Amino acid sequence: MPGGTRLGLFGGTFDPVHRGHLEVAQAVRRALALERVLLVVANEPWQKVARGPVTPAEDRFAMVEVATAGWPGLVPCRREIDRGGPSYTVDTVEEVLAEEHGCEVTLVVGADVVPELSTWHDEPRLRELVTLAVVDRPGSPLAPAPSGWRAVVVPVAPPDVSSTEVRARLEAGEPVGDLVPEPVMRCIRARGLYATER
Ligand code: ATP
């Protein structure tokens, strides 16, 4: 149905959520006039868990909740946690489309994710269901819109930060400056995450 709600889905591990995530989500929301962008916290990021331990999903979700509180239109989404098991984006999109009748889903991804899309679960189906919004990621080659997808490239200049770098700094007791919003830092301390002091 044309004229339905325009929703953004921005999936991630958010281990932890950082300013890059928030700026990307907000910039894409504004650029594409999306009503909301859902920050979808992966329950079990099946490609990442193979590489090493991931912080429990409830902790990662709590951080996204406090992080988005001051950002209108950015909404934490715990759908993949509630579903349990490995998190496949295609299942999440199917659920959202079934619940929000007539909505259009834009899937937001950083340029570093584009080369991995072909490895995603049921990629042909996902391609049929969404439009991709690709944003530049500092350190990754500029991403052309991948072929076979409905896609737009959204010009955003996000900060050069990754969760990996944030974790490394926190574990080393180094400052993270404003790369992690203060409410998220409080959540990290309160939950004793990343070997920080309580
Ligand atoms: P990690 O370092 O643990 O791999 P990450 O910082 O890449 O984590 P994710 O939660 O894995 O964060 O990423 C979720 C999404 O956010 C991905 O689409 C990724 O490309 C995008 N993203 C993360 N950081 C940035 C950034 N600084 N600029 C642009 N996109 C980003």
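Whatever comes next refers back to the structure up there.
Enquirer: Is there a simple way to think about the environment of Ser163 in this case?
Expert: Topologically, Ser163 is positioned in helix α7 (residues 163-171). Classification of Ser163 as buried rests on a relative accessible area of 13%. Taking the C-alpha atoms as reference points, Ser163 and Leu9, 154 residues apart in sequence, are found 19 Å from one another. Beyond its immediate stretch of four places on either side in the chain, Ser163 contacts Asp15, Pro16, His18 and His21. Looking at Ser163, its side chain comes within polar contact range of the main-chain oxygen of Pro16, at 2.8 Å.

Enquirer: Explanation requested: the site of the ligand in the structure shown.
Expert: For the ligand, the set of nearby residues contains 23 residues, the closest of which are Lys48, Asp112, Arg137, Ser163 and Thr164. The separation between an oxygen atom of the ligand and a polar side-chain atom of Asp112 is 2.6 Å. Starting from 600 Å² of accessible surface for the ligand in isolation, the protein chains cover 91%. Counting only elements with at least two residues in the shell around the ligand, the list comes to β1 (6-12), α1 (19-31), β4 (104-110) and α7. Across the shell around the ligand, the residue classes tally to nine nonpolar, nine polar and five charged.

Enquirer: How do you make sense of the side chain of Asp15 when you look at a structure like this?
Expert: Mapped onto the elements of the fold, Asp15 is located in the loop between β1 and α1. For Asp15, which is buried and forms no salt bridge, the nearest opposite charge comes from Arg167, at a distance of 4.1 Å. Here Tyr194 takes part through its side chain, which lies 2.5 Å from a polar atom of the side chain of Asp15.

Enquirer: Honestly, the nonpolar core in this entry has me stumped. Any pointers?
Expert: One broad trend across soluble globular proteins is that nonpolar side chains are buried collectively. In this structure, Phe10, Val17, Val28, Leu39, Met63 and Ile188 are the most contacted members of the largest nonpolar core, which totals 37 residues. Every element with two or more residues in this core is listed here: α1, β2 (36-41), α3 (57-68), β5 (131-135), α7 and α8 (182-191). The residues contacting Val28, other than those within four sequence positions of it, are Ala33, Leu34, Val108, Ala133, Val135 and Val154. Core analysis: the next-biggest nonpolar cluster, separate from the first, contains 22 residues, Leu7, Val96, Leu129 and Val130 among them.

Cut-offs applied
- Residues numbered from 1 in each chain as written.
- Predicted model: local features only at pLDDT ≥ 70, side-chain atom pairs only at ≥ 80, totals over all residues.
- Heavy atoms only, no water.
- Helix = DSSP H or I, 4+ residues; strand = E, 2+ residues; numbered from the N terminus.
- Buried < 20%, exposed > 50% of the residue type's maximum accessible area, 1.4 Å probe, protein only.
- Contact = heavy atoms within 4.5 Å.
- Polar contact = N/O pair within 3.5 Å; in protein donor to acceptor, adjacent residues only side chain to side chain.
- Near = heavy atom within 4 Å.
- Areas by Shrake-Rupley, 256 points an atom, 1.4 Å probe, with all protein chains shown as cover.
- Nonpolar A, V, L, I, M, F, W, Y, C, P; charged D, E, K, R; others polar.
- Lys, Arg positive; Asp, Glu negative; His and termini not counted.
- Salt bridge = Lys/Arg side-chain N within 4 Å of Asp/Glu carboxyl O.
- Core = buried A, V, L, I, M, F, W, Y, C linked by side-chain atoms within 4.5 Å.

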